[in-house]
Amino acid sequence: MTLGAYAPAGAASLSSTSSTAPPAPSLTWSACGPDVPAELRCAELAVPVDWKDPGGKTISLTLARASATGEAAGTVLFSPGGPGAAGVQALSRSLPRFAGLRTRMNVVTWNPRGGQSGEHLPLASCATGPAFATPENRREYDQALKANAAAVAACREAAPGLFGHMDSATQARDMDAIRAGLGEEKLSYLGNSYGGVLGASYARLFPQRVRAMALDSVPDHVSPVAESERLQYKGLEEVFKRFVRWCAGSSDCALRGTDAETAWQDVVKRAERHPLPGSAAAGDRRYDGDDLKALAQGMILREAGWPAFAKAIASASKGDASGFDPQGRGVPPQPSALLAVTCADGFRYDGYRAYRTAVRRSAKVSPNFSGVRENARLACSPWAAEAANPPAPLPARALPPLLGVGPVYEYSSVHAITDQVPGSVTVRYDGIGHGLYVNHGDPCVAEHVDRYLINGTLPAPGATCPARPA
C-alpha cells in the first residue's frame, strides 16, 4: 500500500515550494557548538509568542539538521516528544538510529517553545511543579488544588505570555513555520511519544500540507479524555498480565508459586488502610495504595524491572514498602513547563465531580492501576484556564494515510489516531518498549518507518514486529 498522490515521484515532488506560497523565512545553517556531533548543522527561526499577534513579541527556536547521506529527496521533521523534549539533544544522542532514513532524507528537529532546553523558560522555576495527590474527599481535593496553584506560580510568573501559549496547536504553527523555512511544500513528520499530540494538532490545522506522518508510541489526542484514559489503562493491564505469566514461570520472581495479581492487590488494599513505611531515606513518609501504584508504573513498563517489582510486592506484604522507592523520593512532581502543555491540550478534569467520576470509571477498567492517571491529571487544577487545544477528531478525508507504531500497551492509543484516516496502518510491536524507532532502534520498526517516509509505502494491514530480548 502506498500514499498514492502523496508518494514522492522524485526529489522535486518532496522539496519544491509552491509558487503561490508566501515567502519563507530564511534559515542560515552553521556549526551547532560543543556537545553536538559535527555533522549536525543548526539554525535559528523566530516565531511569534502568540500566533494571533504575528507582529508582536517573538521567541527564537533552535533547529538542527542532519543532512541526507545520499541524494536528498526531501526532509523529515522529527519531534522526540516530552512534551518539551529538546530535539537538538535528542537527535544528537540518537543519530545512528536515522541512518536508513538519511540515505534519502534530511532529518530536522527543533527545541520547542518553553521546553527542557531552558531557552525560553527558566528551568530553575519550571522544572518542578505540583506533587502527586491522592484526595479521598472534597476537603482533600480543595487542599490539593491550593498546593497545585502555588507550585505552578513561579514558572507561570517567570514568563506569563509564553506560559499561556504552550499548547500543541500553537506548537503546530511553529512546525508549519519550520516547514516553510525549509522550503517544503508538504510536511513529512516523525512524532515520538508526545510528539503524536503535535502531529495530531498539525493534522487538524494543516491537513492539506501533510505528505506523510509516522507516529511512534503516541498518546491518543483524538478521542475524549475518558476514552483515551480507558485505552491507556487497557494497555497497562495487558502488560500486568504479561508480568503475572512471567512470574509464574521465572525463578527470578520473588512471588513464584503464589498468585502475583492477588498479592499485588492485597498490598495495595493494605496500604490504603494503613500506609506503609519506606526506606530510611524516606524518613516519616508513608505510602498509600495510590502511591504504590504510581511508583509501580515505572517498574512494570520495563521487563528489566519485573524482578524488582515482584520483590517489592513480597516485602510490602510484610509491611516494608522500601522496594518501591529505595531512594525515598516519592512520586516525582510534574514539571510546570510540561503541565503548561498537557493541561492546555485538555488532559485534565474540571471540578471535583468530574475527577471522582473518572476515578470510579477507572476502577471498572483497571483493577491493578485505577486512579493513577486521574490523580496525575489533578495537577492541572485549578490554575489552568479552559483547554486551548482539547482532543478532537482528525479531518480524515483531507489527510493522506498515516503510519502508526505501538508496543502492546500503547497500540490501542496509536490505533485510535490512525484508524480515523482511511488507508492508514498501525504496526503492532509485540513487546513493551516505548519509542521503538528512536529510543530502541528496533530494526523491524525502522524498516517500516523508513520505507514509508522515503517512498510513501505502507506495510500491509495487520503488520507486526516481533519483540526483541529485553
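Definitions and limits used
- Each chain carries its own residue numbering, running from 1 in the direction its sequence is written.
- With the structure being a predicted model, the display of local features is reserved for residues of pLDDT at least 70 and the display and counting of side-chain atom pairs for 80 or more, all residues being used for whole-chain, interface and lining totals.
- By convention in this description, side-chain values take in all heavy atoms of the structure and omit both hydrogens and water.
- Pairing between strands requires that DSSP locate at least two bridges from one strand to the other.
- Think of it this way: any DSSP run of H or I at least four residues long counts as a helix, any run of E at least two long counts as a strand, and we number them from the N terminus.
- We call two residues in contact whenever any of their non-hydrogen atoms come within 4.5 Å of each other.
- Whenever a helix is involved, its axis is fitted only over the stretch in contact; in every case the axis is a line through C-alpha atoms, and angles between N-to-C directions fall within 0 to 180 degrees.
- To define a nonpolar core, start from buried Ala, Val, Leu, Ile, Met, Phe, Trp, Tyr and Cys residues and group those joined through side-chain atoms within 4.5 Å.
- Only protein chains enter the calculation, and the probe is 1.4 Å; a residue is then buried if its accessible area is under 20% of its type maximum, exposed if over 50%, and partly exposed in between.
- The length a helix should cover is 1.5 Å for every residue beyond the first.
- In protein, a polar contact requires one atom able to donate a hydrogen and another able to accept it; more generally it is a pair of N or O atoms within 3.5 Å, and residues adjacent in sequence count only if both atoms are side-chain atoms.
- Salt bridges are defined as contacts in which a side-chain nitrogen from Lys or Arg sits within 4 Å of a carboxyl oxygen from Asp or Glu.
- Put simply, angles under 35 degrees are roughly parallel, angles over 145 are roughly antiparallel, angles from 65 to 115 are roughly perpendicular, and the rest are oblique.
- Residues are grouped as follows: Ala, Val, Leu, Ile, Met, Phe, Trp, Tyr, Cys and Pro are nonpolar; Asp, Glu, Lys and Arg are charged; all remaining types, including Gly, are polar.
- Seen with the strands pointing away from the viewer, any crossover whose path from the first strand over the helix to the second strand runs clockwise is right-handed.

*Asks:* Which parts of the structure should I look at to understand the sheet that holds strand S1 (residues 30-31)?
*Replies:* Pairing between the strands of a sheet is mediated by backbone hydrogen bonds and can be parallel or antiparallel. Reading across the sheet, the 10 strands line up as S1-S2-S3-S5-S4-S6-S7-S10-S11-S12 and stay open at both edges, with mixed pairing between neighbours. Because the sheet does not close on itself, it has two edges, and the strands there are S1 and strand S12 (464-465). With three bridges joining them, strand S4 (residues 74-79) and strand S6 (residues 187-192) adopt parallel strand pairing. For Ser 79, the partnering residue across the bridge sits in S6 and is Gly 191. Taken strand by strand, helix H6 (residues 168-182) contacts strand S2 (40-48), strand S3 (58-66), S4, strand S5 (105-110) and S6, and its axis lies near 125° from that of S2.

*Asks:* How should the nonpolar core be read in this particular structure?
*Replies:* As a rule of thumb, soluble globular proteins bury nonpolar side chains together. One finds Leu 63 and Leu 394 to be the most contacted residues of the largest nonpolar core, which totals 55 residues. Residues in contact with Leu 394, not counting those within four places in the same chain, are Ala 200, Ala 203, Arg 204, Val 222, Leu 399, Leu 402, Ile 417, Gln 420 and Val 421. Counting 36 residues, the second largest nonpolar core, distinct from the first, contains Leu 95, Leu 101, Leu 190 and Tyr 429.

*Asks:* Hey, could you run me through the environment of Asp 174 in this one?
*Replies:* If you trace the backbone, Asp 174 turns up in helix H6. A relative accessible area of 0% places Asp 174 in the buried class. Separated by 128 residues in the primary sequence, Asp 174 and Ala 46 place their C-alpha atoms 9.2 Å from one another. Not counting the four nearest positions on each side in its chain, Asp 174 is found in contact with Val 47, Trp 51, Leu 61 and Arg 113.

*Asks:* How should helix H16 (residues 443-455) be read in this particular structure?
*Replies:* Between its terminal C-alpha atoms H16 stretches 18 Å, which fits the 18 Å expected from 13 residues at 1.5 Å a residue. Sitting at the head of H16, Asp 442 places a side-chain oxygen 3.2 Å from the backbone nitrogen of Cys 444. One or two steps after H16, the chain reaches Gly 456, where phi turns positive at roughly 80°.

*Asks:* What's the story with the side chain of Ser 370 in this structure? I'm lost.
*Replies:* Note that Ser 370 resides in the loop between helix H13 (352-365) and helix H14 (372-377). Other than its neighbours up to four places away in sequence, Ser 370 contacts Tyr 233, Asp 290, Lys 293, Ser 362 and Ala 363.

*Asks:* Help me understand the pattern of salt bridges, please; the structure alone is not making it clear to me.
*Replies:* Oppositely charged side chains are able to pair whenever their charged atoms sit close together. Overall, the coordinates contain 13 salt bridges when judged by the stated rule. The residue Arg 179 makes a salt bridge to Asp 176 at a minimum N-O spacing of 2.8 Å. Here the residue Arg 179 and the residue Asp 176 both occupy positions in helix H6, the gap between them amounting to three residues, near one helical turn. The buried category is assigned to Asp 176, whose relative accessible area is 9%.

*Asks:* What's the story with the packing of helix H9 (residues 260-273) against helix H10 (residues 289-300) in this structure? I'm lost.
*Replies:* Where H9 contacts H10, the two axes come as close as 7 Å, and the packing angle between them is 135°. It follows that H9 is oblique to H10 by the angle criterion. Across from Trp 264, Val 267, Val 268, Ala 271 and Glu 272 in H9, the residues of H10 making contact are Gly 289, Asp 290, Leu 292, Lys 293 and Ala 296. Across the contact of H9 with H10, the residue classes break down as six nonpolar, one polar and three charged.

*Asks:* I keep staring at the pairing of strand S11 (residues 425-429) and nothing clicks. Help me out?
*Replies:* Moving residue by residue along a regular strand, the side chains alternate between the two faces of the sheet. For S11, a buried count of four out of five residues is recorded, marking the element as mostly surrounded by other parts of the structure. Bridging between strand S10 (residues 403-407) and S11 involves five bridges; their strand directions are parallel. Residue pairing for S11: Val 405 is matched across the bridge by Val 427. Note on the crossover from S10 through helix H15 (residues 411-418) to S11: the handedness is right-handed. In this structure, S11 lies alongside S12, joined through two bridges in parallel fashion. Counted as the bridge partner of Tyr 429 is Cys 465 from S12. Remark: the S11/H16/S12 crossover connection has left-handed handedness.

*Asks:* Got a minute to help me understand unusual backbone geometry in this structure?
*Replies:* A negative phi angle is the norm for most residues apart from glycine, just as the trans form is the norm for most peptide bonds. A cis amide bond links Gly 82 to the next residue, Pro 83, at an omega of 0°. Among the structural elements, Pro 83 can be located in the loop between S4 and helix H2 (87-94). Phi at Asp 35 is positive, roughly 70°, even though this residue is not glycine. Tracing the chain through its elements places Asp 35 in the loop between S1 and S2. One non-glycine residue, Ser 217, lies in positive phi territory at about 60°.

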